[in-house]
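Each chain, written out:
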Amino acid sequence: MTSAPMSAGPASDGRSLREMIDLDRGTISRDIFVSPDLFRDELEKLFTRAWLFVGHESQIPNPGDFFVSRMGSESVILCRDQAGTVHVFLNSCRHRGMKVCRYEQGNTSLFVCPYHSWSYTTDGRLQGVPLFRVLYDGTLNRDEWSLIEVAKLARYKGTVWASWDPDAPEFLSYLGDAVDHLDEVLDCRDGRPGGSEVIGLHKWILPANWKFAAENFLGDTYHNPSHRSVDMIGIGPSAQRGAKGRRDNEYEGGQHVWVSFPAGHGVHSILSRPDPQYGGSYQHYPEVDAYFRHCFEARKRRLGIERARLLPFTGNIFPNASYHGRQPRGICVWHPHGPGETEAWRFFLVDADAPAAVKDVLRRFYMRYSGPAGMTEQDDMENWLYATAASQGPIARRHPFNYQQSMGAYRTNDPLPGDVSTQMTEQNARNYYRVYRAYLEGAPWQALLGRPSVDAAAE
Amino acid sequence: MTDTIEPPRARGSAWWTLTQEIADFLYREADLLDERKFRDWLDLLAEDIVYFMPIRRNVKFGQHAERENTRQGEGISWFDEDKWTLGKRVEQILTGVHYAEEPLSRTAHLVSNIRLLDVRPDPDHAAEVEVGCRFLIRQNRVEYETTTFVGRRRDRLRRVGDDWRITRREILLEQNILLAKNLSIFF
Ligand code: FES
Ligand SMILES: [Fe+2]
């Protein structure tokens with residue numbers, strides 16, 4: 001494609017975003033998943049504004065610790081400065097743009113640029129400029145040439161999020177009521193707030209549009225049949241005892257809920273029955289089973305029965321931070337590389353103070369379940385790849401995807417905050433693309449947060 | 001276990017005969033994988049096998065020994081598993097609905113640079129062998145999807161009767177970010 005328009009992406013045939021994302025009909029154009037023009041719009045208008053997941057504080061516990069991450073298509077440095085303050089910087093020298101850090105993680109007192117040796121302190125300030133007196137004195141004001149820092153940074157229960165938009169709302173406003181579900185990922189299994197740690201990281205490239213992955217986690221329960229092979233053979237934590245399926249059934253008798261939120265987040269959670277009972281899990285590992293039984297009971301006492309009924313399954317914090325809540329447990333970020341290529345980073349989580357034997361069983365289960373070597377997710381990757389590939393052609397692009405599942409079948413704020421469906425639904429996806437469209441249209445934050453009055457006017 | 005660094009001439013003929021025998025074993029294994037005889041391949045693995053592929057990281061000079069590779073037995077690697085899990089992987093492929101391997105990939109496992117690194121107790125009565133090699137694996141899937149995996153392997157073999165069983169396999173893929181969507185084949 002040539003001469004890409006920088007304005008909000010009419011497709012090559014002139015269709016507007018409203019035509020391409022038709023929420024009344026429940027159809028979405030394939031261009032959204034394959035067009036280079038729209039991809040550029042996403043980078044310019046969406047990834048420069050939305051709150052993005054950057055990393056976890058357990059990766060940078062000490063002053064001088066850094067972890068190189070990504071925001072959108074760009075490399076960033078998550079860093080704890082010598083005074084203990086957490087920063088996120090663009091990983092690009094102010095002089096000629098060289099990456100100032102090409103190690104993935106470590107500890108340093110300075111980021112020294114390999115190109116001409118400008119050096120930056122861990123709070124981002126330009127410190128060293130070779131031959132400064134001779135070449136730059138009176139011209140270069142070092143204070144103006146710090147590493148480029150995100151406009152907003154939030155630390156939430158160990159996780160670190162950032163936005164490039166100084167006008168972005170505070171992170172908790174952005175999360176809205178999705179926070180209750182994210183909490184269930186980040187809190188200890190016994191209900192204490194926070195307390196998770198990252199035990200490892202997967203990074204891989206997949207030749208698929210990033211939104212296939214985000215959408216999968218935001219509530220596409222309908223794709224369950226694609227995992228038939230693991231369900232047939234059984235790979236869960238009790239599989240050595242003959243259990244089938246890919247995880248323990250911790251949700252027996254619970255009500256599955258699919259909830260979408262005005263700012264674009266979507267989750268699939270479970271409201272367990274009114275008298276939540278520990279179902280038994282990790283049957284092959286008595287010590288681990290006992291630990292989770294203990295956590296289950298402690299959580300009920302700590303949170304109270306009503307709150308303890310909520311259990312997380314999967315979700316996606318808009319736009320690209322997906323999670324698995326329990327089995328396995330982690331956050332996966334789908335970094336856009338191109339319309340047909342995504343760089344996936346999964347951060348695997350456990351309770352930091354869990355016994356070593358528990359962590360060992362969990363990490364083994366995570367590895368056989370998740371990512372490119374994971375028996376479950378390999379099949380997801382296969383689907384995303386070929387769905388992207390088979391949507392490229394001109395004939396394919398004339399025919400939109402169908403998003404009509406469970407149209408209108410939801411209730412607002414009943415029994416939980418948000419638009420709640422009690423049957424499988426594509427409402428979460430429809431809502432996601434409504435918000436996505438608003439970003440690409442350059443909508444003001446009020447509209448991006450889906451505040452009702454503004455939203456009604458916009459529709 | 002220290003690697004052999006002595007010059008080849010210092011070794012007797014038993015060493016070279018054993019090298020040939022081990023090489024043949026590894027080629028036979030590669031044949032089984034490329035011929036998709038996955039159950040037969042499983043039979044070459046000892047019941048107590050450790051199958052390990054670390055994740056390789058970009059670290060500062062001087063930190064490679066300490067930090068470059070994730071470690072077996074802790075945290076997250078690409079593979080850190082036992083025979084039960086490998087058996088599950090085979091079982092999954094044989095369901096016929098493991099879509100990441102359905103239709104099956106075509107693979108060619110090339111094994112080279114085979115060197116014995118340690119032999120116990122001695123080449124004439126070898127009961128356990130540590131062997132290093134390079135691999136180059138070409139995977140082609142469906143139509144256009146082609147992936148090349150290149151790296152080093154370090155295997156530990158145990159003699160069982162007239163044959164060998166693999167008791168430990170460490171696979172060093174020469175990549176940082178995995179440049180493949182899946183690791184759905186065996187290494
Ligand atoms: S590009 Fe960094 S010092 Fe020149
Ligand atoms: Fe899936």
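Look a little higher up for the structure.
K.L.:
Can you walk me through the overall build of chain B in this structure?
P.N.:
Of regular secondary structure, chain B possesses 4 helices and 6 strands. Going from N to C terminus, chain B has its helices and strands arranged as α-α-β-α-β-α-β-β-β-β. Its C-alpha radius of gyration of 17 Å places chain B within 12% of the 16 Å reference for a compact globule of 187 residues. For the C-alpha atoms alone, the extent of chain B along its principal axes is close to 50 × 45 × 30 Å. Burial status across chain B gives 51% buried among its 187 residues. Considering only residue pairs separated by 6 or more positions, chain B has 62% of its internal contacts joining residues 24 or more positions apart. Accessible surface computed for chain B: about 8,900 Å², of which carbon and sulfur atoms make up 49%. Averaging the positions of the 30 positive and the 33 negative side-chain charges in chain B gives two centres separated by 4 Å.

K.L.:
How should the coordination of the iron ion (ligand 2) be read in this particular structure?
P.N.:
Residues and elements named next belong to chain A. Within the protein, the iron ion (ligand 2) binds to His223 (NE2), His227 (NE2), Asp380 (OD) and Asp380 (OD); these donor distances fall in the range 2.1 to 2.5 Å. Given 4 donor atoms and angles of 55 to 144° at the metal, the environment of the iron ion (ligand 2) is assigned as irregular. Read in sequence order, the donor residues coordinating the iron ion (ligand 2) give the pattern H-x3-H-x152-D. Highlighted residues: His223 in the loop between helix H7 (210–217) and helix H8 (228–233) and Asp380 in helix H12 (residues 377–389), separated in sequence by 157 residues. By relative accessible area, Asp380 is classed as buried at 4%.

K.L.:
Explanation requested: the sheet that holds strand E14 (residues 255–260) of chain A in the structure shown.
P.N.:
By way of backbone hydrogen bonds, the strands of a sheet pair with one another, either parallel or antiparallel. Residue and element names in this part refer to chain A. Strand order in the open sheet formed by 9 strands is E13-E19-E18-E17-E16-E15-E14-E22-E21, with antiparallel pairing between adjacent strands. Strands at the two margins of the open sheet, each flanked by one partner only, are strand E13 (196–206) and strand E21 (411–412). In terms of strand pairing, E14 meets strand E15 (residues 266–271) through 6 bridges, oriented antiparallel. Across the sheet, residue Gln255 finds its bridge partner in E15, namely Leu271.

The rules we used
- Residues numbered from 1 in each chain as written.
- Chains lettered and ligands numbered in written order.
- Predicted model: local features only at pLDDT ≥ 70, side-chain atom pairs only at ≥ 80, totals over all residues.
- Heavy atoms only, no water.
- Helix = DSSP H or I, 4+ residues; strand = E, 2+ residues; numbered from the N terminus.
- Rg over C-alpha atoms; globule rule 2.2 N^0.38 Å.
- Buried < 20%, exposed > 50% of the residue type's maximum accessible area, 1.4 Å probe, protein only.
- Contact = heavy atoms within 4.5 Å.
- Areas by Shrake-Rupley, 256 points an atom, 1.4 Å probe, with all protein chains shown as cover.
- Lys, Arg positive; Asp, Glu negative; His and termini not counted.
- Charge placed at Lys NZ, Arg CZ, Asp CG, Glu CD.
- Donors = N, O, S within 2.8 Å, 3.2 Å for Na, K, Ca; no water.
- Tetrahedral: all angles 85-135°; square planar, octahedral: opposite > 155°, others 65-115°.
- Pairing = 2+ DSSP bridges.

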